[in-house]
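Okay, here's what each chain looks like letter by letter:
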Amino acid sequence: MFEQSVSSNDINLYDFELLQEEKKNLQKKFRRKYHIFQTNIFQILTLFPQVLLKWDIALITLLSTLVRNCVAVGGFTGESTIIGSDNHHKSWINFTSSFSLKKWALSNTNTEYSRPIIFGYHSLLMSYLGNYLFDGRHKSWFTLKALKLEENLEFRSFLKFTVCLTDALMYIPPAIWFAKMYGRLVAEKVNAATKNTSKTTFEIAAVGHLKQLVNFINSLIILFQPTVLLIDHAFFGYHGFTLGALLLSINNIFDNKLGGACVFYILAIFFDQNCIVFAPVFIVYFLKMTIFSFSLLDFASIVFAVFMALSLLYFPMYIYLDSQETLNLLKTSLLKLCPLTFTNTENDSTNFWIYIKALFINKSISNEDLKLLSRVVKVVSILPTCIYMFKSCSISKKSKSKIILLYGLASCSLSFYLFSYDFDCTSIVLPMLPLTLIIVKCNQIIDSKEKGNSFKVENNNYSLHMLFFIQNMSMYTIWPLISEYDLFPQYAIIIFLYNWMFGGLDIFSASHIQLYIKLFYMLLYSIMALTIILSESIVLSTEFQDKMNIFMFLLSHSSFFVSWLWLQYKMIM
Amino acid sequence: MSVKQAFSKITQFLDSPLIKIWVFSLFFKLFLIFNYTRIHNTKLVNILDITKTLSPIKWYHEDLDYPPLFMYFQHAISLLKPKQLKDPRMLILYQKLTVTISEFICVIIFNVYSMEKYNLLISASIILNPCIFLLDNIYFDYNGFAYGFLALSIIHVQRKSILKAAFIYTVSIFLNKNFIFMVPCFCAIFVKSYCLKLEKFEFKTYLSLLKIFKWNKIMKLTLVISSAILLSLIPFFVQKATFKDFEETYYKIYPKKSLLINEKQSPSNVWTLYSLFDNSLSQLFKYFNKINKFKYFAKRNSMPVNESNDFINSKNLFNALPDIEPRINFYFIAFYQFLAIIPLFFNYEFKRFIGSLTLCCYSIYLFGRNIKSTDILLVIIPFTFLVIFDKRLLTPFMLLTSCGIVSIFPIINSPDVFMMKLTYTTIWMIIFYISFNSSVKNNAENRRVWFFDRLSLIYIVSLFPMIIFCGVLNTFEFKSKKYKQIASLIYNCYCSLGIITSWFGLSWLYNFDEHMWT
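For clarity, every value in this text was computed on a predicted model and none was experimentally measured. (Residues numbered from 1 in each chain as written. Chains lettered and ligands numbered in written order. Predicted model: local features only at pLDDT ≥ 70, side-chain atom pairs only at ≥ 80, totals over all residues.)

## Topic: the overall build of chain B
Alright, step 1. When you go through chain B residue by residue, the secondary structure sums to 24 helices and zero strands.
Alright, step 2. By the compact-globule yardstick of 24 Å for 518 residues, chain B fits well, its C-alpha radius of gyration being 25 Å.
Alright, step 3. Judged by the C-alpha coordinates and their principal axes, chain B covers about 85 × 75 × 55 Å.
Alright, step 4. By residue count, 38% of the 518 residues in chain B fall in the buried class.
Alright, step 5. Sequence-distant contacts in chain B: of pairs separated by 6 or more residues, those separated by 24 or more amount to 75%. (Helix = DSSP H or I, 4+ residues; strand = E, 2+ residues; numbered from the N terminus. Rg over C-alpha atoms; globule rule 2.2 N^0.38 Å. Buried ≥ 20, exposed ≤ 12 C-beta atoms within 10 Å, placed from the backbone. Contact = placed C-beta atoms within 7 Å.)

What follows is the structure in structure tokens.
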């Protein structure tokens, strides 16, 4: 409703100047109060005329596409970066070279084929596209044997282009949608609270303008998320699709459309089986909102939607396979869904369980036991979240339970990340999504004149510092990947870009924070920077390097553990 | 205390709006600097080796056509190069970093200028200009540096400090050889606004004609200009260069013989359309030859037909139309520059000056010989200063910039930056066209824009399908290689049509709309 009062064209020049004046006053007032008004990107955006915000969707899309393309630019430094980087990629080429959906769907032994069904459809689509575009010139592209990546710049660019395309179709629109919708939710809440306050139309209009700006920046915060940028675009991977589907499902929940949310969650989980880390929270939420609130019709509609989605997914298979094979297929696809069964217990754990094992030298613990232990710890760690969610979510308090859902998703996925037996540093992408969404939640203008308002803002600012610290920490965890494939420039630039744009390091210039907290953060950041610089610049002995790696791993894991505790605290408070 | 003051000054500097915008763009540039390890510009690859020795005469024995000051600049860079730098990859990195640092000079210049409201928009649009961004960081050139000096001299003209403007402009000629084509316009404004006194002029005898000139100011001006020239040529004198050396150097920079259309970077100018016309005529010619209809064509049959697949690039010989002599180029340029400069003698306001400067650059770009497509910056930079004055100028500006930027795409034809150049250009277009549109002053009479607004908008938007269509033609190979040439022909002609139309628009407004310029 704010936008309507502003966008009417018959504001004459005098009014326009008044509006500008009011906006300047408000900016001055808010600058001290809100974190987002101190960020560099905000100050840049205010330099340009307001009309630019009519093009916000185009600008956000283009800016995030631009940064993706920039990250993707990279030379071949020695070893070819892509082939070694990810197993997905190998399976992608293998799969598309044979074009046999059947063979791929039925195999359950080869880990290269261990991807769920939508991933298969997606790569099939992309390879069709590639064949259509380049078949005339590069017949050899989709066969692994003839592939020499060093020479084939075009092929590499095409692969990166498909990642960008997937992002542009699946990830960018839901991110913009989320930021806008969250802004609107807050506005509605505030409107309901302060209906009768006496405000001039100019003030309302100016606040509306500023809120548009804030939404703009919030969508950029989601889309410039550094780990996704690095892992998807500097390496190779289609996490954009997964995160986009997850975001769509969260958006649907925020829009009170549970059926749609279920369908999109299925889309996500059938693209990347790691999405199962969100399952407990989603299941608890869906059950609580439908069957335990005695709205059976909703429940029935959800079940129906899920069945429809599943049958649509497997319909193409029905054409290819006979009945025996179908049973086989269902079995394998179920297996594929549970990444837990795939972890090979012959290998040592890559997570911190290996150190636990080292502690008990006398009593020898087998890997099987460790795996069991990790499962138990995992279940125990997600139990409080689930119980709290079950208790406090309800239909009558929808807006509150939506925020609890965000916290729940973050803490649940983090506990999976912390305590699972197998550890892959790329899987940090999943917990980072809800954590980024919580940044959006904290970056809002709370306009009401309640008593607790200033306290709330202060509180938000504290959380923001913590959340940005977690963002930086997530970048720190993927350092081993970076050092292995020599992607240091992109890594450093992305970190600086993110912190510069959104004020991630503003904690050192903030006035309201005590000195000892600042010093603590300073210490942590300097340790992080020091270790990275040490391992990048100086050739160390392998022994020392190993110790350093262990130290880095422990540092990142313990800080994630602290942030997990902090999330529990935040959720319950 | 002084440390604190310095610190606060630095933070103030970093807080200024233009620096913030530049830092934001710097992050994107850094990605390219560190990861895009190729240099397309073949001339600049070995320049550091050549300029290592301090002997400017020898530099010009190589195949280089850069003016002296630029060579000294390269010499300084090669001196500053760390000695342990042997790895060719690190060398490229070093060269690319020097581009960014030299661009920073341009940014500092604009930062001082951008304190006023509209100037911020102008300076932001120049330092973020996709032409400069793509050419400097991907293609590899020092455009930001050179055009920064040109912009500085324009700014000094605006502030009416003519001596400084003259000095800086003279220096900038020695940085980029193409700036010399603006000499008539700059001379006119210097003479008219600085050296002439016309207010109380009465013609009594021929001697009174001498009183028009402010002789002491003329002396000052010549002193300043000649000192700038001498300063730029000092190393030549130190090396005891003879007159012959100077002559050789001059002809190296401005060669006597040159092709009509540059072979590697065909520009989008009149001659592209000319060659299209020639091409279609020669096709007709072939056809009539076959059916033996018209006598005229039969007569021309005796001439050998240039059967080349290359439609534009090898088109310095024409089949049906007469060849273009350098004389003809000169006549065209002289005529249009003359038309642009005449009004300056009646009215030498900044607005008039910058309009005439833009038209001079247009005439060079459109009718010049051996022009490269990168030279479109010559037109874009002055026009950016001009567009803020009137809303009607916006449409020609939009046409010029969009077509000009798109016309330099083919020289950066690496597949991994294809998407990037498109997105960057689109972002720039959206941001600056809309900002200019909302902050440009409306003309006093509030007249409707005469120029075909909608049509040009459609034209600009359809640049995108055109790029994709030409890309498809480039990618697919049907039966022979012919389609690649047709694609480049379509591409160049489309762009040149836009640029020529924008030239018409500006010329019309310049010559027939007196209210706008007073």
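## A few points about the domain arrangement of chain B
Residues and elements named next belong to chain B.
Alright, step 1. Taken as a whole, chain B is organised into domain 1 (2-253) and domain 2 (390-518).
Alright, step 2. Measuring from the centre of the C-alpha atoms in domain 1 to the corresponding centre in domain 2 gives 27 Å.
Alright, step 3. With 13 residues of domain 1 at the contact, the number on the domain 2 side is 15 residues.
Alright, step 4. Those elements that provide at least two residues to the side of domain 1 that touches domain 2 are helix H7 (117-127) and helix H8 (130-140).
Alright, step 5. The biggest single contributor to the side of domain 1 that touches domain 2 is H8, with seven residues. (Domains from an automatic or database assignment.)

## Structural notes on the packing of helix H19 (residues 394-407) of chain B against helix H20 (residues 418-439) of chain B
Residues and elements named next belong to chain B.
Alright, step 1. Close contact between H19 and H20 brings their axes to 11 Å; oriented N to C, the two are set at 170°. Taken together, the axes of H19 and H20 lie roughly antiparallel to each other. Contacts between H19 and H20 pair Leu394, Met398, Ser402 and Ile405 from the former with Thr425, Met429, Tyr433, Phe436 and Asn437 from the latter. (Axes fitted to C-alpha atoms, helices over the stretch in contact; angles between N-to-C directions. Parallel < 35°, antiparallel > 145°, perpendicular 65-115°, else oblique.)

## Some words on the environment of serine 157 of chain A
Alright, step 1. As for its placement among the helices and strands, serine 157 of chain A is situated in helix H9 (residues 153-193).
Alright, step 2. Judged by the 19 C-beta atoms lying within 10 Å of it, serine 157 of chain A is partly exposed.
Alright, step 3. It is 34 Å that separates the C-alpha atoms of serine 157 of chain A and isoleucine 438 of chain A, two residues lying 281 residues apart in sequence.
Alright, step 4. In contact with serine 157 of chain A, other than residues within four places in its own chain, are Pro415 and Asp416 of chain B.

## Notes on the packing of helix H4 (residues 56-72) of chain A against helix H2 (residues 17-35) of chain B
Helices that pack against each other are described as a pair by the angle of their axes relative to one another and the distance between those axes.
Alright, step 1. The N-to-C vectors of H4 of chain A and H2 of chain B enclose an angle of 25°; their axes lie 8 Å apart at closest approach. The pairing of H4 of chain A with H2 of chain B is recorded here as roughly parallel in orientation. In this structure, H4 of chain A meets H2 of chain B at a crossing whose hand is left-handed. Here H4 of chain A contributes Leu66, Cys70 and Val71 of chain A to the contact with H2 of chain B, which in turn contributes Phe28, Phe31 and Leu32 of chain B.
Alright, step 2. Taken together, the residues that form the contact of H4 of chain A with H2 of chain B break down as six nonpolar, no polar and no charged. (Left-handed = near helix turned anticlockwise from the far one by under 90°. Nonpolar A, V, L, I, M, F, W, Y, C, P; charged D, E, K, R; others polar.)

## Section: unusual backbone geometry
Alright, step 1. Although it is not a glycine, asparagine 256 of chain A adopts a positive phi angle of roughly 65°.
Alright, step 2. Within the secondary structure, asparagine 256 of chain A sits in the loop between helix H12 (239-254) and helix H13 (258-269).
Alright, step 3. We classify asparagine 256 of chain A as exposed; it has 12 C-beta atoms within 10 Å.
Alright, step 4. The backbone of phenylalanine 140 of chain B shows a phi angle near 80°, a positive value even though the residue is not glycine.
Alright, step 5. Its location among the elements puts phenylalanine 140 of chain B in helix H8.
Alright, step 6. When the 21 C-beta atoms within 10 Å are taken as the criterion, phenylalanine 140 of chain B is described as buried.

## What to know about the confidence of the model for chain B
Residues and elements named next belong to chain B.
Alright, step 1. Residues at a pLDDT of 70 or more form 91% of chain B, whose mean pLDDT is 84.
Alright, step 2. No element of chain B has a lower mean pLDDT than helix H15 (residues 295-300), which averages 53, and none a higher one than helix H18 (residues 377-386), which averages 93.
Alright, step 3. For residues 301-309, every residue scores under 50 in pLDDT, and the model assigns this stretch nine contacts once sequence neighbours within four places are set aside.
Alright, step 4. For this predicted complex, the interface confidence reaches an ipTM of 0.90, while the overall pTM sits at 0.90. (pLDDT = per-residue confidence, 0-100.)

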